[in-house]
Amino acid sequence: MNLLLLTSDDFVSDSLVKLQGRQLQHVLGVHQAKVGDTLRVGLVNDRMGEGIITGLSADSLEMEVSLTEQPPEALPLTVLLALPRPKMLKRSLQHLTALGVKRIVLMNSYRVEKSFWQSPWLSEEKIHEQLVLGLEQARDTILPEVVQEKRFKPFVEDRLPAMVEGKRGLVAHPVGGNACPHQISDEVVLAIGPEGGFIPYEVEKLEEAGFERIHLGSRILRVETAVTAITSKLYD
Ligand code: SAH
């Protein structure tokens, strides 16, 4: 964790913060911090800055914080992610958040296993945990919005056109398209397939909604690797 993400509930006065639980354990175990040390902190959906530790025990951390910096710029990128298996979902949410993606749509696709939609990791609370880990990793405070679209066709036909309007739609598919564009400044909506890939019908439906097919060469990459590689090609 490279930043302690605070919520307004952590504040006991204007600038005094008290923490327990996971963050306290991290500060004790990983940072091995002591009174007087300075830690990077940020308030969720707000500014970032520093906290000076004024009290530290096995069950509480007290800090005097000053929040003066803006969080880093967001990427102009929306990611449509075919719902991956729970372990991959957790990692993908963390990666996307750390990269600066602020809008994530978890969508259905033919090759998404139905049982994945029953996963406890899709609860609001569990998703929130992964987003927080991504923000703490990257030193950011702005929580991404995560939407679940459990039916592919109504989503792509009814809601996607408005989402992609004025933006560039790209569907990552290993076969048949152009090479992934690089160093662009457009806002992008990027669709990433499931482990088994999109079926041709789905790629066609996305193309009907205005998406261009793009590839990254012949190597088939894991979802989170593909997303990271595409993002770094698209934006400098
Ligand atoms: N077995 C599938 C690959 C799935 S990889 C197939 O052969 O089609 C999971 C997703 O990651 C893909 O649907 C695609 O969105 C993305 N991806 C992985 N490697 C890629 C590449 N070389 N080019 C473009 N997209 C890729």
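Residues numbered from 1 in each chain as written. Predicted model: local features only at pLDDT ≥ 70, side-chain atom pairs only at ≥ 80, totals over all residues. Heavy atoms only, no water.

1. A short note on the side chain of Glu149
Okay, step 1: Mapped onto the secondary structure, Glu149 falls in strand β8 (residues 145–149).
Okay, step 2: Among the polar contacts made by the side chain of Glu149, one reaches the side chain of Arg159 at a distance of 2.8 Å.
Okay, step 3: For Glu149, the residues in contact, after removing those within four places along its chain, are Val105, Leu106, Met107, Asn108, Trp117, Phe155 and Arg159. (Helix = DSSP H or I, 4+ residues; strand = E, 2+ residues; numbered from the N terminus. Polar contact = N/O pair within 3.5 Å; in protein donor to acceptor, adjacent residues only side chain to side chain. Contact = heavy atoms within 4.5 Å.)

2. Looking at the site of the ligand
Okay, step 1: Neighbouring residues of the ligand: 18 residues in total, closest Ala172, Gly193, Leu216, Arg219 and Leu221.
Okay, step 2: For the ligand, a nitrogen atom lies 3.0 Å from a polar atom in the backbone of Leu216.
Okay, step 3: One nitrogen or oxygen atom from the main chain of Arg219 is found 2.6 Å from a nitrogen atom belonging to the ligand.
Okay, step 4: Comparing atom positions with the cavity grids shows the ligand to sit within the largest pocket.
Okay, step 5: The set of elements that each furnish at least two residues to the shell around the ligand consists of β12 (212–215) and α6 (223–234).
Okay, step 6: For the shell around the ligand, the residue count by class is 10 nonpolar, 6 polar and 2 charged. (Near = heavy atom within 4 Å. 1 Å grid on protein atoms, 1.4 Å probe; cavity = no way out; pocket = protein on both sides within 12 Å on 5 of 7 lines; lining within 4 Å. Sits in = over half its atoms within 2 Å of the grid points. Nonpolar A, V, L, I, M, F, W, Y, C, P; charged D, E, K, R; others polar.)

3. Looking at the environment of Ile214
Okay, step 1: Looking at where Ile214 falls in the secondary structure, it is placed in strand β12.
Okay, step 2: Assessed through its relative accessible area of 2%, Ile214 is described here as buried.
Okay, step 3: Sequence separation between Ile214 and Thr68 is 146 residues, and the spatial gap between their C-alpha atoms is 41 Å.
Okay, step 4: Excluding residues that lie within four positions of it along the chain, Ile214 makes contacts with Leu170, Val171, Ala172, His173, Asn178, Ala179, Cys180, Pro181, Leu190 and Ile230. (Buried < 20%, exposed > 50% of the residue type's maximum accessible area, 1.4 Å probe, protein only.)

4. A word on the domain arrangement of the protein chain
Think of interface size as the accessible area that goes away when the parts come together; that is how it is often given.
Okay, step 1: You can read the domains of the protein chain as domain 1 (4–69) and domain 2 (77–234).
Okay, step 2: One C-alpha centre belongs to domain 1, the other to domain 2; they are set 33 Å apart.
Okay, step 3: Of the roughly 780 Å² buried between domain 1 and domain 2 on both sides combined, carbon and sulfur atoms contribute 60%.
Okay, step 4: Per-residue buried area on domain 1 facing domain 2 is highest for Leu5, Arg22 and Asn45; these three make up 57% of the total on that side. (Domains from an automatic or database assignment. Buried area = accessible area lost by both parts, 1.4 Å probe.)

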